[in-house]
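Residues per chain are reported as follows:
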Amino acid sequence: MNILVLGATGRVGSQLVIHGLQDNHPVTVLVRTPEKIAINNANLTIIQGNVLNKDDIVRAMHGIDVVISALNTDGTTTLSASMPLIIEAMENEGIQRIITIGTAGILQSRTIPNSLRYQTSESKQKSTRAAKEHHEVFDLLEQSSLQWTIVCPTYLPYGKRVGIYRIEGDFLPEDGVEISVPDTAEFAFSQIKSNDYLKARVGIAY
């Protein structure tokens, strides 16, 4: 499977690249600063570019089978501004499958019907700015024709791979408090071979 990883220099994204290469998939990354990719592998294609540049996104999509986006909010609107370009390029290229890393804030509230966690007291985050960015991406994917999955971790310390965690469609597992970066990446990567959460959010926590 030809995999495109977006956000490949971030905490989760860099782990996703490693998973892809260890599984012997051809992996393409689109990065602003190629020097940040310290991996030398014949299966790795590094494209210098920006997810906010339509031409760069289109260039990166050629020959791709599945897109995994670990783009984060970074205090900007990069996440929501890039997603329409990603969706358009995928639809034009005939690529159906996208897995993205979201946040537990955009999962359903257990206490208030028809609300998301970040809109209620269930979310402990003082700022809702990042969650609103992820909510916009969720809305865009819902309106698309793509086969999408949004993996929604709660508090995300780097931590270690534990290999045992709980997952739940549309909700954060009860009393879930945290999940490590390696376990989040491992589960997200596993979704390229799974149809369990198509067109769905999935909460992940220990």
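Bear in mind the structure is a predicted one, so any value in this text is a computation, not a measurement.

**Q** Help me get a handle on the overall build of the chain, residues and values and all.
**A** A count of helical and extended segments in the chain gives five helices and eight strands. Start at the N end of the chain and walk to the C end: the helices and strands fall as β-α-β-β-α-β-α-β-α-β-β-α-β. Its C-alpha atoms give the chain a radius of gyration of 16 Å, within 12% of the compact-globule value 17 Å for 206 residues. Long-range contacts, defined here as pairs at least 24 residues apart, represent 66% of the contacts in the chain between residues at least 6 apart. Element-wise, carbon and sulfur atoms account for 47% of the exposed surface of the chain, whose accessible area totals about 9800 Å².

**Q** Can you break down helix α3 (residues 78-93) residue by residue, with the values?
**A** Compared with an ideal rise of 1.5 Å per residue, which puts 16 residues at 22 Å, α3 spans 22 Å between its outermost C-alpha atoms and is within 8% of the ideal. When we look at burial in α3, the residues that qualify are Leu79, Ser80, Ser82, Met83, Leu85, Ile86, Ile87, Ala89 and Met90. Elements in contact with the buried residues of α3: β1 (3-6), α2 (54-61), β4 (66-69), β5 (97-101) and α4 (129-143). Just downstream of α3 lies Gly94, where phi reads positive at about 75°.

**Q** A description of the packing of aromatic side chains should follow, citing residues and the corresponding values.
**A** Any aromatic ring pair is given by two values, namely how distant the centres are and how the planes are angled relative to each other. Throughout the structure, instances matching the rule amount to three aromatic pairs. Where Phe138 meets Trp148, the ring centres are 5.9 Å apart and the plane angle is 65°; that geometry is what we call edge-to-face. With Phe138 in helix α4 and Trp148 in strand β6 (residues 147-153), the pair connects residues that are 10 residues apart, well separated along the chain. Residues Phe138 and Trp148 agree in their burial class; the two are buried. Between Phe187 and Tyr197, the aromatic rings sit 6.4 Å apart at their centres with planes inclined by 65°, giving edge-to-face as the arrangement. One end of the pair, Phe187, is in helix α5 (residues 181-190); the other, Tyr197, is in the loop between α5 and β8 (200-205), with 10 residues separating them in the sequence.

**Q** If you had to explain the nonpolar core to someone new, which residues and values would you point to?
**A** Of all hydrophobic cores here, the largest spans 35 residues; its most connected members are Met61, Val67, Ile86, Ile98 and Leu141. Looking at this core, the elements with two or more residues in it are β1, α2, α3, α4 and β6. Tallying contributions element by element places α3 first for this core, with seven residues. If near-sequence neighbours (up to four positions away) are discounted, Val67 is found in contact with Leu4, Leu6, Met61, Met90, Ile95, Arg97, Ile98 and Ile99.

**Q** Give me the environment of Ala89: which residues, what numbers.
**A** Following the sequence through the fold, Ala89 ends up in helix α3. Along the chain, Ala89 and Tyr165 lie 76 residues apart, while their C-alpha atoms are 34 Å from each other. Ignoring anything within four residues of it in the chain, the contact list for Ala89 reads Ile57, Val58 and Met61.

Rules of the game
Residues numbered from 1 in each chain as written. Predicted model: local features only at pLDDT ≥ 70, side-chain atom pairs only at ≥ 80, totals over all residues. Heavy atoms only, no water. Helix = DSSP H or I, 4+ residues; strand = E, 2+ residues; numbered from the N terminus. Rg over C-alpha atoms; globule rule 2.2 N^0.38 Å. Contact = heavy atoms within 4.5 Å. Areas by Shrake-Rupley, 256 points an atom, 1.4 Å probe, with all protein chains shown as cover. Expected span 1.5 Å × (residues − 1). Buried < 20%, exposed > 50% of the residue type's maximum accessible area, 1.4 Å probe, protein only. Phe/Tyr/Trp six-rings, centres within 6.5 Å; stacked < 30°, edge-to-face > 60°. Core = buried A, V, L, I, M, F, W, Y, C linked by side-chain atoms within 4.5 Å.

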